[in-house]
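# Structure at a glance
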Amino acid sequence: MNIYLIGFMGSGKSSAGRKVAALLRWKFEDIDRLVEEKERMTVPEIFASKGEEYFRKAESVVLSEVSCGSRTVVACGGGTPCSAENTDVMKSTGVTVYLRLSEEALVSRLKRSRNERPLLTGAEPEELGKRVSKLLRNRSPWYEQADLIIDAGNTDEEEMTAMIAETVRSKGAYL
Ligand code: S3P
């Protein structure tokens, strides 16, 4: 049993994931970091030199490798759950948790870090809002398939951990 944290770029999957894992005494893995280690390049470098399709394949391979482990909190990339194949892998090996934030909160957080994210690079404030809005609209149906949806703007990591623990137990698994 693993815990997969999903949600839009900037929703705090990696930082929440690290804390939830520490509180549960589970392992922590970050899909983007694993892809970077494997490819020996940063995510923006992979997008620039090999393209998004290559990145998506590498992301799926890393996800299926991580899914073979157990008792691991996995911070996914924003696009990881947006395919039936990846969603099936997650659903069959653990619980999925969507860290939901409003579009406004996401845009405000992403203003600071948009250049680390190839899908948002170079977007000035107005363009950034449009890109986030469009991506969020396309991706929400994937994110909303999660076993648990958490209002990430109003929930601290202790509360998140308690909610996630309850969901894990409701699936008949132990912590
Ligand atoms: C992506 C999100 C990024 C990273 C890549 C693509 C996406 O991860 O995987 O830039 O498609 O939303 P974060 O959600 O950790 O920023």
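Here's a quick rundown of the structure. (Residues numbered from 1 in each chain as written. Predicted model: local features only at pLDDT ≥ 70, side-chain atom pairs only at ≥ 80, totals over all residues. Heavy atoms only, no water.)

## A look at the overall build of the chain
As a reminder of what qualifies: Numbered from the N terminus, helices here are DSSP runs of H or I no shorter than four residues, and strands are runs of E no shorter than two. Here the globule rule is a power law, 2.2 Å times the number of residues to the power 0.38, and the radius of gyration is based on C-alpha atoms. Each residue is placed in one exposure class: buried if its accessible area under a 1.4 Å probe, protein chains only, is under 20% of its type's maximum, exposed if it is over 50%, and partly exposed if it falls in between. Note on areas: these come from Shrake-Rupley sampling with a 1.4 Å probe, and a residue is covered only by the protein chains present in the view. Positive residues here are Lys and Arg, negative ones are Asp and Glu, while His and the chain termini are left out of the count. Each charge is placed at NZ for Lys, CZ for Arg, CG for Asp and CD for Glu.
When helices and strands are tallied, the chain shows eight helices and five strands. Ordering the α and β elements of the chain from the N terminus gives β-α-β-α-α-α-β-α-β-α-α-β-α. For the chain, whose C-alpha radius of gyration is 15 Å, the value lies close to the compact-globule estimate of 16 Å for 175 residues. For the chain, the C-alpha atoms occupy an extent of roughly 45 × 35 × 25 Å along the three principal directions. Here the chain holds 175 residues, and 49% of them are scored as buried. Accessible area of the chain: about 8,900 Å², with a carbon and sulfur share of 49%. If you average the places of the 26 positive and of the 27 negative side-chain charges in the chain, the two averages end up 1 Å apart.

## Points about the environment of L128
This is how the line gets drawn: Whether two residues are in contact is decided by their heavy atoms: any pair within 4.5 Å suffices.
Counting through the fold element by element, L128 comes out in helix α7 (residues 125-143). Residue L128 is classed as buried on the basis of its relative accessible area of 0%. For the pair formed by L128 and L110, sequence separation is 18 residues and the distance between their alpha carbons is 8.4 Å. The residues touching L128, leaving out its near neighbours within four places in the chain, are V107, L110, K111, R114, L120 and A123.

## Some remarks on the pairing of strand β4 (residues 94-100)
Here is the key point about a regular strand: its side chains alternate between the two faces of the sheet. Just so we agree on the cut-off: Strands qualify as paired when DSSP identifies two bridges or more between them.
Among the seven residues that make up β4, six are buried, leaving the element largely enclosed by the rest of the structure. With five bridges connecting them, strand β1 (residues 2-6) and β4 associate as parallel partners. Across the sheet, the residue bridging to I6 is Y98, located in β4. Both β4 and strand β5 (residues 148-151) contribute to a ladder of four bridges, which runs parallel. Note on β5: the bridge partner recorded for L99 is I150.

## Some thoughts on helix α6 (residues 103-113)
Here is the rule we go by: By arc we mean the arc of the directions from the helix axis to the C-beta atoms, nothing more.
Those residues of α6 lying buried are L106, V107, L110 and S113. Viewed along the axis of α6, the buried residues span an arc of 125 degrees, placing them on a single side of the element. Facing away from the buried side of α6 by more than 90 degrees, the exposed set consists of E104 and R112.

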